[in-house]
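Residues per chain, in single letters:
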Amino acid sequence: MCCIKKEAGYAFLMAKRGRPKLLKADRRSQNINVRVTAEEVKAIDAAAEAVGKGRSRWLRGVILKAAGLGEGEEGADDSGA
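To start, this report covers the structure provided alongside it. (Residues numbered from 1 in each chain as written. Predicted model: local features only at pLDDT ≥ 70, side-chain atom pairs only at ≥ 80, totals over all residues. Heavy atoms only, no water.)

## Comments concerning the overall build of the chain
Each helix and strand counted, the chain has 2 helices and 2 strands in total. When the helices and strands of the chain are listed from N to C terminus, the series reads β-β-α-α. Across the 81 residues that make up the chain, the buried fraction comes to 12%. The contacts of the chain with a sequence gap of at least 6 include a subset with a gap of at least 24, amounting to 16%. (Helix = DSSP H or I, 4+ residues; strand = E, 2+ residues; numbered from the N terminus. Buried < 20%, exposed > 50% of the residue type's maximum accessible area, 1.4 Å probe, protein only. Contact = heavy atoms within 4.5 Å.)

Shown next, in the form of structure tokens:
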């Protein structure tokens with residue numbers, strides 16, 4: 001897809017910038033909220049950091065693995081789980 005930019009009487013075709021949109025089936029649109037203590041957050045963050053992942057990415061992998069959905073797209077490690 002392109003867009004037209006008009007400048008000094010000329011029209012230029014410009015490519016759209018940004019990340020391509022995902023298919024509806026691939027979008028993550030649901031949230032799950034879980035209350036944890038400050039100590040639990042520190043432990044979760046340490047486990048995620050130990051495997052080089054962010055908190056959400058690590059949690060998603062651990063949860064999907066526990067739910068029997070394999071390792072999911074992100075992968076899950078046994079560290080801290």
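## Describing helix 1 (residues 38–50)
With 13 residues, helix 1 ought to run about 18 Å at 1.5 Å a step, and its terminal C-alpha atoms sit 18 Å apart, in line with that. Of the surrounding secondary structure, the elements contacted by the buried residues of helix 1 are helix 2 (55–66). Phi turns positive one or two residues past the end of helix 1, at G52, with a value near 75 degrees. (Expected span 1.5 Å × (residues − 1).)

## What about a nonpolar patch on the surface?
A surface patch of nonpolar side chains, amounting to about 320 Å² of accessible area, comprises I32, V34 and V36. Counting through the fold element by element, V36 comes out in the loop between strand 2 (10–15) and helix 1. (Patch = residues over 30% accessible without salt bridge, like charges linked within 9 Å, V, L, I, M, F, W, Y side chains within 5 Å. Areas by Shrake-Rupley, 256 points an atom, 1.4 Å probe, with all protein chains shown as cover. Salt bridge = Lys/Arg side-chain N within 4 Å of Asp/Glu carboxyl O.)

So far we have only geometry, and geometry alone does not tell us how the molecule works.
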